[in-house]
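The lines below spell out each chain.
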Amino acid sequence: MEFACSHVVCNWSPDGEGPVPPPLPPRRLRKPRPTSLPLPPLPSPQLPLAPLSLPPPVPPRGDKQEGESRLAANVNVISLSVGKLVDISQASGMETFQTPVICGKCSAALSCLSCTQRNVWVCEFCGRENSVNDRLEKVCIGQRAGVHSDDIYLSTESDDDYQNLEDTLVVFCVDISGSMSVTTEVTKSSGSIAHISRLESMQDALQRALTSLLQESPHRRVALVTFNDDVVIYGDGTSTPLTLRDWALVDYDHIWQQSVAYSIPHCIAETCSHLLQRVKDLREHGATCLGPAALASVAMASRYPGSKVVLCTDGRANIGLGEIEQNPSLSSSSHVPYFYRKLALQAVESGVIISVMTFEGTDCRLADIGRLADTTGGRVNMVSIGTVATEIHSASVDNVLATGVTATLLAPEGICFPYEDEKNHKLVRDIGNVTKGLEMTFQFAVKPEFIETFLQKSTLPFQVQLSFKTRDQQKVTRVITEQRPVTTCRRVDAGSLNTAVLGVHCAQLCARLTMEGQVQEAQRQLKAQQDLLNQISRQRPMQQEENIYGNWMDTMTVICDDITAESQTLSDEAAKVMYQMKRASSDTDYSNISEIRRTTVWKN
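Let us look at the structure shown here. Remember, it's a predicted structure, so these values are computed and weren't measured experimentally.

What counts and what doesn't
- Residues numbered from 1 in each chain as written.
- Predicted model: local features only at pLDDT ≥ 70, side-chain atom pairs only at ≥ 80, totals over all residues.
- Heavy atoms only, no water.
- Helix = DSSP H or I, 4+ residues; strand = E, 2+ residues; numbered from the N terminus.
- Buried < 20%, exposed > 50% of the residue type's maximum accessible area, 1.4 Å probe, protein only.
- Contact = heavy atoms within 4.5 Å.
- Core = buried A, V, L, I, M, F, W, Y, C linked by side-chain atoms within 4.5 Å.
- Expected span 1.5 Å × (residues − 1).
- Polar contact = N/O pair within 3.5 Å; in protein donor to acceptor, adjacent residues only side chain to side chain.
- Axes fitted to C-alpha atoms, helices over the stretch in contact; angles between N-to-C directions.
- Parallel < 35°, antiparallel > 145°, perpendicular 65-115°, else oblique.
- Left-handed = near helix turned anticlockwise from the far one by under 90°.
- Nonpolar A, V, L, I, M, F, W, Y, C, P; charged D, E, K, R; others polar.
- Phe/Tyr/Trp six-rings, centres within 6.5 Å; stacked < 30°, edge-to-face > 60°.
- Lys NZ or Arg CZ within 6 Å of the ring centre and 35° of its normal.
- Disulfide = S-S within 2.5 Å.
- Pairing = 2+ DSSP bridges.
- Salt bridge = Lys/Arg side-chain N within 4 Å of Asp/Glu carboxyl O.

1. Concerning the environment of Q523
At step 1: Structurally, Q523 can be placed in helix α12 (residues 519-539).
At step 2: Judged by its relative accessible area of 27%, Q523 falls in the partly exposed class.
At step 3: Separated by 36 residues in the primary sequence, Q523 and I559 have C-alpha atoms spaced 9.7 Å apart.
At step 4: Those residues in contact with Q523, other than ones at most four positions away along the chain, are C560 and D561.

2. So, the nonpolar core
General note: in soluble globular proteins, nonpolar side chains tend to be found buried as a group.
At step 1: V231, I233 and L372 are the most contacted members of the largest nonpolar core, which totals 77 residues.
At step 2: Ranked by the residues each element gives to this core, the list is headed by helix α6 (residues 290-301), at 9 residues.
At step 3: Once residues within four sequence positions are removed from consideration, L372 is found in contact with A294, L311, Y340, L343, A344, I354 and V356.
At step 4: Counting 32 residues, the second largest nonpolar core, distinct from the first, contains L85, L427, I431 and F444.

3. Remarks on helix α11 (residues 499-515)
At step 1: Here α11 spans 24 Å end to end across 17 residues, near enough to the 24 Å set by a 1.5 Å rise per residue.
At step 2: In terms of burial, α11 is a largely internal element, 15 of the 17 residues being buried.
At step 3: Capping the start of α11 is the job of one residue whose side-chain oxygen sits 3.1 Å from the backbone nitrogen of A500: N498.
At step 4: Positive backbone phi, approximately 90 degrees, marks G517, located one or two places after α11.

4. Digging into the packing of helix α4 (residues 252-261) against α6
At step 1: The contact between α4 and α6 brings their axes to 8 Å, and the two run at 40 degrees. When the axis of α4 is compared with that of α6, the two are oblique. For the crossing formed where α4 meets α6, the hand is right-handed. Of the residues in α6, those in contact with Y252, I255, W256, S259 and V260 of α4 are P292, L295, A296, V298, A299 and M300.
At step 2: For the contact of α4 with α6, the class distribution of residues is 10 nonpolar, 1 polar and no charged.

5. Some words on the packing of aromatic side chains
Any pair of aromatic rings gets described here by the distance separating the centres and the angle formed by the planes.
At step 1: Per the stated rule, a full pass over the model turns up 4 aromatic pairs.
At step 2: Measuring from ring centre to ring centre gives 6.0 Å for Y252 and F339, while their planes differ by 70 degrees; the resulting arrangement is edge-to-face. Of this pair, Y252 sits in helix α4 while F339 sits in helix α7 (residues 338-349), and the two are 87 residues apart along the sequence.
At step 3: With relative accessibility at 11%, the residue Y252 sits in the buried group.
At step 4: Under the relative-accessibility criterion, F339 is labelled buried at 8%.
At step 5: In this structure, K342 packs its charged tip against the face of Y252, placed 4.0 Å from the ring centre.

6. Section: the packing of α6 against α7
At step 1: At a minimum axis distance of 10 Å, the contact between α6 and α7 shows a crossing angle of 10 degrees. With respect to α7, the axis of α6 lies roughly parallel. Across the interface between the two elements, L290, G291, A294, L295 and V298 from α6 touch F339, Y340, L343 and A347 from α7.
At step 2: For the contact of α6 with α7, a count of residues per class yields 8 nonpolar, 1 polar and no charged.

7. A few points about the state of the cysteines
At step 1: As enumerated under the stated definition, the model contains 0 disulfides in all.
At step 2: Note on C506: no disulfide assigned, nearest cysteine sulfur contributed by C510 at a separation of 3.9 Å.
At step 3: C506 sits in the buried class, given a relative accessible area of 2%.

8. Looking at the sheet that holds strand β4 (residues 116-117)
At step 1: Ordered by their spatial adjacency, 3 strands build an open sheet running β4-β5-β6, and the pairing between neighbours is antiparallel. Edge strands, defined here as strands with exactly one partner in the open sheet, are β4 and β6 (129-131).
At step 2: Two strands pair when backbone bridges link them, and strand β5 (residues 120-122) and β6 are joined in this way by 3 bridges, in the antiparallel orientation. Paired with V122 across the two strands is E129, which belongs to β6.

9. Looking at the pairing of strand β17 (residues 400-410)
On any regular strand, side chains alternate: one points to one face of the sheet, the next to the other face.
At step 1: Where burial is concerned, most of β17 is hidden: 8 out of the 11 residues are buried.
At step 2: Where β17 and strand β19 (residues 426-435) come together, 8 bridges link them in antiparallel fashion. Considered in β19, the bridge of A407 is made with R429.
At step 3: With 7 bridges joining them, β17 and strand β22 (residues 459-470) adopt antiparallel strand pairing. Across the sheet, A407 pairs through a bridge with L466, a residue of β22.

10. Describing the sheet that holds strand β14 (residues 308-313)
At step 1: An order of β13-β12-β11-β8-β14-β15-β16 is seen for the 7 strands of this open sheet, with the pairing classed as mixed. Each edge of the open sheet carries a strand with a single partner, namely β13 (242-244) and β16 (380-383). With strand direction ignored, the average angle separating the axes of adjacent strands in the sheet is 20 degrees.
At step 2: Examined bridge by bridge, strand β8 (residues 169-175) and strand β11 (residues 221-227) share 7 bridges and lie parallel to one another. Opposite V174, over in β11, you have T226 as the bridge partner.
At step 3: Sitting on the sheet, α6 touches β8, β11, β12 (231-235), β14 and β15 (353-359), and the angle it makes with β8 is about 170 degrees.

11. A short note on the pattern of salt bridges
Side chains bearing opposite charge may pair, as long as their charged atoms lie close to each other.
At step 1: Within this structure, the stated rule accounts for 15 salt bridges.
At step 2: The residue D204 makes a salt bridge to R208 at a minimum N-O spacing of 3.1 Å. Of this pair, D204 and R208 both sit in helix α3 (residues 198-216), 4 residues apart, roughly one helical turn.
At step 3: Its salt-bridge partner being D531, residue K527 comes within 2.8 Å of it at the nearest N-O pair. Linking K527 with D531, this pair stays in helix α12, spanning 4 residues, or about one helical turn.
At step 4: Accessibility expressed as a relative area gives 26% for D531, which makes it partly exposed.
At step 5: Among the charged side chains, a network of salt bridges with common partners joins E420, R429, R512 and E516.

So far we have only geometry, and geometry alone does not tell us how the molecule works.
Structure, rendered in structure tokens:
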């Protein structure tokens, strides 16, 4: 089962502060109020107490059980292994249906947890009464009553004709500006010393990638785009190149239209020699119009859902669309150029994945351009002369499992999802493209006015709906419904928690908050999770993966603690770590991530 909860505790505040204990009996410090008047609300623990007439400290409560402790971290976390769930080839033995029965209010799907009487289904998530005929009830519920169901719905409708899985496009978008002439001293296999420029290493990497694609996917299409003062679209290398310059570099619609119309008719088996020659003839000079080149590349790839753009650069975008200021303020969503947000969303809509790689020791403002990869599901990395070939090959591998993915998470009314735009019991997340290993986590909490109601329940229902298109354009909806037990005690045994879920969630959430500029909240979450790990370590030996999670938290703590002035911006090294943490997965080893040091995290 790839739909996991760390724990379900019903006494959580909506801001994720942790379990809320029952109100203390009122102190008899003064004459009691008449019973007809409500007592004033208890003061928030975050507010300073009045400086005068303080009562003596409250003695510790006596409800603490052996092996239990009060948790400051929110352990109500759900984990979705999206990469596995959209791979319906792994669910070939499951029964499939055509259309789910949907609640008219909250859009929950009829499931094994649903109860119908006289053709009326009272939604277990919102309470609405829905009419259900006998035939649909039998199809959607059948004999599967229980605490878990996993249903796949295959639509008979299709917007597109059949698409060959190899009929996708890889666009190599390469920086050939003047800074690509910078050389690095390397030792050859013969033992001699040589100086290799960034462009020379890039040319060698592209030649290797083209050769590998020819051998592994001979029917795949490959295109080349370069940028310096101009953008040159070589396409598959067999046609006359298209050059965009001057005013065209600031006209979004013009670039898109020209690039979409540029034909790429041939596969790599027919064009490899042409592309190899184009790569060999590249020369470095000029500035860096990265934004227009990225736009042109996405436009070309948009014709083939599931395509990839591999963007390689060694400098900050300084002309044309997407030009980045020399000295911006502290990294936050308010200053990230609008251009990159718009292009990333357009790429998601077109089913295009963008990977971004920059050279070590440069300042490319990875926090900004990395948004292209982070939003579309691509890779964000920094390369050296020796690693650029391996990274380009990895980024170009055809590993797209599904496009246009949307996840809907439903819980009963009274549940909310902290740190999300939606403040109710339903959360919708547009994911876009999905590759193998994608894991997403969400935390939930109980609204204070619903605590007593939920404490009377033994279980709570949860449902996940994944809507997506497979690589052959089949429309699929997968609905997973579970009933989870409720912990009614005020304190939780920390040793029983799923640290894999909690560790991945902490990494993803804190990295996201940091990139959004909510640094203090990220620091608070990190401190709570570190305290939780310490509690777990006191109750049982730490496992290897738990030590890795602690390593993640320590690394992000270093980055967050170094944010001291608005004049600073996130360095490329720190941005790379943050983007990797946003994609943290329990299947991936990030144990070497703590190599980041304070001296390399921030640049003025």
